[in-house]
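Given next are the chains, with one letter for each unit.
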Amino acid sequence: FPKLIYQIAIGINVMILGMMLTCDKHYLYYTADREFVQTGLFPHNVYGHTWIYYAYMVVVLGYVVYSVVLLVRQCIVDKDKVRRSTYKYLIPAVIAMTLGYVAYMTRITNGYDTTVLGYAVSSLMLIMAIFKNRLMDTLSIARDYVIDTISEGVIVTDMNGKVIYYNQPMKQLY
């Protein structure tokens, strides 16, 4: 059942992407009401939207809500401090992106696309999570996915011979 839902979600996203990329040839996603407006602080394009557009926006918001629920649940369950800290950056990142999206969708910004601001804030949060929690640290990646799962004992030392890590089988030997 989850595989079917996954395939349906991919199909919907591919269909919408196709509609967006070919929107100059039809009015399925955007209406014929399209104009370039030079009023306000910044010139911008204003598009009219069809029911397919709004239905897809509801689907995307569903994805976001589901993602936040999964992140919060995982943050509560996970015992690893580094991963919990990472979730504490990821949750606000997703929420910031969503708020920009909702502000644009509800038209409280008078046509200005605030999703870019949401993406910028969420990108900063992700960068902070990556560098603060050392998410690209090859030692922790190797330890989590390779070294901890093998049955042989492994000791990792630094350049001075100081032990910086050992796995569970090695711990049982000593």
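Enquirer: Can you explain unusual backbone geometry? Please cite residues and give values.
Expert: If you check the backbone angles, Arg107 has positive phi at about 60 degrees while not being a glycine. One can find Arg107 in the loop between α3 (81–105) and α4 (115–132). Its relative accessible area of 38% is what places Arg107 among the partly exposed residues.

Enquirer: Any details on the packing of α3 against α4? Residues and values, ideally.
Expert: As a packed pair, α3 and α4 sit with axes 7 Å apart at the nearest point and diverge in direction by 175 degrees. The angle between the axes of α3 and α4 places the two elements in the roughly antiparallel class. Contacts from Ser85, Tyr89, Leu90, Pro92, Ala93, Ala96, Met97, Gly100, Tyr101 and Tyr104 of α3 reach α4 at Thr115, Gly118, Tyr119, Val121, Ser122, Met125, Leu126, Met128, Ala129 and Lys132. Across the contact of α3 with α4, the residue classes break down as 14 nonpolar, five polar and one charged.

Enquirer: Explain the side chain of Thr31 to me, using residue names and the numbers behind them.
Expert: As for its position among the elements, Thr31 is in strand β1 (residues 30–37). For Thr31, a relative accessible area of 19% puts it in the buried group. What Thr31 contacts, discounting residues up to four positions off in sequence, is Gly48, His49 and Thr50.

Rules behind the numbers
- Residues numbered from 1 in each chain as written.
- Predicted model: local features only at pLDDT ≥ 70, side-chain atom pairs only at ≥ 80, totals over all residues.
- Heavy atoms only, no water.
- Helix = DSSP H or I, 4+ residues; strand = E, 2+ residues; numbered from the N terminus.
- Buried < 20%, exposed > 50% of the residue type's maximum accessible area, 1.4 Å probe, protein only.
- Axes fitted to C-alpha atoms, helices over the stretch in contact; angles between N-to-C directions.
- Parallel < 35°, antiparallel > 145°, perpendicular 65-115°, else oblique.
- Contact = heavy atoms within 4.5 Å.
- Nonpolar A, V, L, I, M, F, W, Y, C, P; charged D, E, K, R; others polar.

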